[in-house]
Amino acid sequence: APENLAQNAETSLDRDGNEMSVTTPSVPKPTIRGMQGQTWSETIRTDAQYYEMAFPRVLAVAERAWHRASWELDWTPGEVFDATTGRVPKDELASDYNGFVSALGCREAFKLEKLGITYRVPPPGASIDSSGILTANSEMPCTDIMFSIDEGDTWIKYSSPVGVGVGKVVSVRSTSSNGVLKSRIVVIDEECNDCEYDDDINGEPSILTNNNGGNVNRDPTTPTSGNGGTSTDIQNPGMSFGNNCGKTLLRTSYLGYLFLFGSWLSLLL
């Protein structure tokens, strides 16, 4: 909600994963004449690195810049927002967000691929229950979820919850619709054992996590896969947490974070 940033406190957490309480300033509503997204480029050395940093985030910035959604509230000086205020219509926010990510994953991503833009593919979230059933989803519809039970030697396409065996360690990743672009690999098991980062799987970067998976705010019991379905959990679509035996992995999802916050704003009064 770029024209009423205070309301984001009701639907988001701060950078440390804590709830916020924000009061709309007692000043007239500012006039916003433009919006910009920041890219810190001091470590970018190639076009591919730039594309991965900028896309698909820039599409989310554009969406927030031109489209005012029904769930964006009017500027009301002195109005307080926090996780309990209940002013933001969550059903409308969920519908708008799911429509956006569906269009992004199932339509706009194809256009980026045709243009040769190597956009970032988000890793899937996954869990293994006590009976050895793997459940996974993705925040970007129409990407394929792949899993491996042999440390990445072979990959199997995930379409619905599947038995992998009790006590198995499973690697999961997402791929673009054309199979060219791949997310980083997430390694999961039923219990967190040594809670250490795994340097690589067959030369690809990965991370060891536990049953919480890589993107637990997308409820893994509501799978999102290549069929275009979307997750229904939007309490905080911008943040992703995995609890590795007390180590909190806080990642900022490019899609959700920018969708809600609109990145940095240029405010010209």
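Residues numbered from 1 in each chain as written. Predicted model: local features only at pLDDT ≥ 70, side-chain atom pairs only at ≥ 80, totals over all residues. Heavy atoms only, no water.

**Here we look at the pairing of strand E10 (residues 185-188)**
Moving on, step 1. Residues of E10 alternate between two faces, with Ile185 and Val187 on one and Val186 and Ile188 on the opposite face, all of them buried.
Moving on, step 2. Note: strand E9 (residues 170-175) against E10, three bridges, orientation antiparallel. Within E10, the residue paired with Val170 across the bridge is Ile188. (Buried < 20%, exposed > 50% of the residue type's maximum accessible area, 1.4 Å probe, protein only. Helix = DSSP H or I, 4+ residues; strand = E, 2+ residues; numbered from the N terminus. Pairing = 2+ DSSP bridges.)

**Things to note about the sheet that holds strand E5 (residues 133-137)**
Moving on, step 1. Across the sheet, which stays open at both edges, the three strands sit in the order E4-E5-E8 with antiparallel pairing between neighbours. Each edge of the sheet is formed by a strand with only one pairing partner; in this case those strands are strand E4 (125-128) and strand E8 (162-163).
Moving on, step 2. Pairing between E5 and E8: two bridges, direction antiparallel. Looking across to E8, one finds that Leu134 is bridged to Val162.

**A few points about the pairing of E5**
Moving on, step 1. With four of its five residues buried, E5 lies for the most part within the structure.
Moving on, step 2. Examined bridge by bridge, E4 and E5 share four bridges and lie antiparallel to one another. From the neighbouring strand, Gly125 faces E5, where its bridge partner is Asn137.
Moving on, step 3. Between E4 and the antiparallel strand that follows it, E5, lie four residues; Gly132 among them carries a positive phi value of about 85°.

**Thoughts on the side chain of Glu79**
Moving on, step 1. As for its placement among the helices and strands, Glu79 is situated in the loop between helix H3 (57-66) and strand E3 (80-81).
Moving on, step 2. A polar contact is formed between the side chain of Glu79 and the side chain of Arg87, at a distance of 3.1 Å.
Moving on, step 3. Look past the residues within four positions of Glu79 in its chain and what remains in contact with it is Val22, Thr23, Thr24, Asp74 and Arg87. (Polar contact = N/O pair within 3.5 Å; in protein donor to acceptor, adjacent residues only side chain to side chain. Contact = heavy atoms within 4.5 Å.)

**Side note on the packing of aromatic side chains**
The relative placement of two aromatic rings is captured by the distance of their centres and the angle of their planes.
Moving on, step 1. Taken as a whole and judged by the stated rule, the model has two aromatic pairs.
Moving on, step 2. Here the aromatic rings of Tyr50 and Tyr51 are separated by 6.0 Å at their centres, their planes lie at 55°, and the arrangement is tilted.
Moving on, step 3. On the basis of an interplanar angle of 65° and a centroid distance of 6.1 Å, the ring pair of Tyr51 and Phe55 is categorised as edge-to-face.
Moving on, step 4. On the basis of relative accessible area, Tyr51 is assigned to the partly exposed category, the value being 26%.
Moving on, step 5. Among the aromatic residues, ring-to-ring pairing joins Tyr50, Tyr51 and Phe55 into one connected group. (Phe/Tyr/Trp six-rings, centres within 6.5 Å; stacked < 30°, edge-to-face > 60°.)

**Structural notes on the state of the cysteines**
Moving on, step 1. Inspection of the entire model under this criterion finds one disulfide.
Moving on, step 2. For Cys106, the disulfide goes to Cys142, at an S-S distance of 2.0 Å. Judged by the sign of its S-S torsion, about 90°, the bond between Cys106 and Cys142 is right-handed. On the criterion of sequence distance, the pair formed by Cys106 in helix H4 (residues 90-114) and Cys142 in the loop between E5 and strand E6 (144-148) is long-range, its members being 36 residues apart.
Moving on, step 3. According to the relative accessible area criterion, Cys106 is partly exposed, its value standing at 27%. (Disulfide = S-S within 2.5 Å.)

**Brief notes about the confidence of the model for the protein chain**
Moving on, step 1. When pLDDT is averaged across the protein chain, the result is 76; 71% of the residues are at 70 or more.
Moving on, step 2. Scored below 50 in pLDDT, residues 192-199 makes 20 contacts in the model with residues more than four places away or belonging to other chains.
Moving on, step 3. Across residues 206-269, where pLDDT falls below 50, the model places 221 contacts with residues more than four positions away in sequence or in other chains. (pLDDT = per-residue confidence, 0-100.)

**Overview of the nonpolar core**
Moving on, step 1. Within the largest apolar cluster, 14 residues are counted, with the highest numbers of intra-cluster contacts made by Phe55, Phe100, Leu112 and Tyr119.
Moving on, step 2. With six residues, the top contributor of residues to this core is H4.
Moving on, step 3. Core analysis: the second largest hydrophobic core is formed by 12 residues, Leu134, Phe147, Tyr158 and Val164 among them. (Core = buried A, V, L, I, M, F, W, Y, C linked by side-chain atoms within 4.5 Å.)

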